[in-house]
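Now for the letters of each chain:
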Amino acid sequence: MTAFVQVSGLTLRAPGGRPLLDSLELRLPAARVALVGRNGVGKSTLLSVLAGDSEPHAGRVTTSSPPHLVPQILPPTPSAALSHGERRKAALLEAQRSRSEIVLLDEPFEDLDEAALAWLRAWLARFEGCAVVASHDRRLLADFQHFFVLSESGCRYFSGTLAELDESLERERELAERRYASNL
């Protein structure tokens with residue numbers, strides 16, 4: 001199976017030096033993967049490195065073709081008449097028209113109206129390349145079966161529905177609380 005994105009020994013740190021990821025190994029074929037985790041764990045940083053817009057502290061990223069990144073914070077446009085949602089939809093349409101086999105979307109639902117949300121979900125459902133999507137929006141996450149869960153302890157893969165992911169994370173939280181309580 002062809003890897004669209006391959007990551008070897010990737011280490012990322014926050015601007016203050018706090019570790020985000022340490023020696024990440026990753027191989028992505030044609031798939032739609034949701035990148036989930038709390039704010040500040042490195043989702044946007046990872047997407048920027050995968051896109052080649054930022055350098056990792058260590059490691060290597062190899063892609064089969066240039067990725068198309070739609071960042072969470074969009075650059076200013078010449079037309080001030082466009083709303084944030086219109087700018088986001090235009091950036092997503094540009095990603096679609098690019099025909100890139102790798103798309104990296106950072107909070108793509110942000111500021112979109114219901115029609116644009118429906119369009120985005122339909123496009124991603126048909127997308128045949130490699131899509132890595134960072135989002136907190138449960139409507140979008142419900143469409144995924146593959147998740148990378150980023151946390152302060154690193155990154156891990158989860159296969160299943162959003163409901164199954166929620167159950168797994170709740171079990172882990174309860175187990176961590178029991179371990180903590182037993183060590184008091």
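Remember, predicted model here, so these are calculated numbers, not experimental data. Along each chain, the written sequence defines residue order, and numbers are assigned to residues from 1. Local features in this predicted model are restricted to residues whose pLDDT is 70 or higher, and side-chain atom pairs enter the listing and the counts only when it is 80 or higher, whereas totals over whole chains, interfaces and linings include all residues. Side-chain measures were taken over the full set of non-hydrogen atoms in the model, leaving aside hydrogen atoms and water.

Enquirer: Talk me through the nonpolar core; I want residue IDs and the actual numbers.
Expert: Side chains that are nonpolar tend, in soluble globular proteins, to be buried together. Here, nonpolar core refers to any group of buried Ala, Val, Leu, Ile, Met, Phe, Trp, Tyr and Cys residues whose side-chain atoms link them within 4.5 Å. Three exposure classes are used, based on accessible area relative to the maximum for each residue type with a 1.4 Å probe and protein chains only: buried under 20%, partly exposed in between, and exposed over 50%. Counting residues in each nonpolar core, the largest one holds 28 residues, and the members touching the most others are Leu105, Leu120, Trp123, Leu124 and Phe147. Secondary structure is summarised from DSSP: a helix means a run of H or I of at least four residues, a strand means a run of E of at least two, and numbering begins at the N terminus for each. Contributions of two or more residues to this core are made by β3 (32–36), α2 (84–97), β6 (102–106), α3 (114–126), β7 (130–134), α4 (138–141), β8 (146–151) and α5 (162–182). The dominant element in this core, judged by the number of residues it contributes, is α3, at six residues. Excluding residues that lie within four positions of it along the chain, tryptophan 123 makes contacts with Leu92, Ala95, Gln96, Val103 and Leu105. By size, the runner-up hydrophobic cluster in this structure holds 27 residues, among which are Phe4, Leu28, Leu46 and Ala51. Whether two residues touch is decided by their heavy atoms; if any such pair falls within 4.5 Å, the residues are in contact.

Enquirer: Give a detailed account of the pairing of β3, specifying residues and quantitative values.
Expert: Within β3, four of the five residues are buried, leaving the element largely enclosed by the surrounding structure. Inspection of the sheet shows β3 paired to β7 by four bridges, in the parallel sense. Among the inter-strand pairings, valine 33 is bridged to a residue of β7, identified as valine 132. Here, any two strands with at least 2 DSSP bridges between them count as paired. Note: β3 against β8, three bridges, orientation parallel. The partner of alanine 34 across the bridge, within β8, is phenylalanine 147.

Enquirer: Describe the sheet that holds strand β9 (residues 154–159), naming the residues involved and giving the relevant values.
Expert: A sheet is described by the order of its strands in space; here six strands give the open sequence β5-β6-β7-β3-β8-β9, paired in mixed fashion. Since the sheet does not close on itself, it has two edges, and those belong to β5 (68–70) and β9, each with one partner. Within the sheet, the average angular offset between the axes of one strand and its neighbour, ignoring direction, is 15°. The convention used is that axes are lines fitted to C-alpha atoms, helices contributing only their stretch in contact, and that angles between N-to-C directions extend from 0 to 180 degrees. Against the sheet, α2 engages β5 and β6, with an angle of about 170° to β5. Those strands touched by α5 are β3, β8 and β9, and its axis lies near 135° from that of β9.

Limitation: the analysis is restricted to geometry and does not speak to function.
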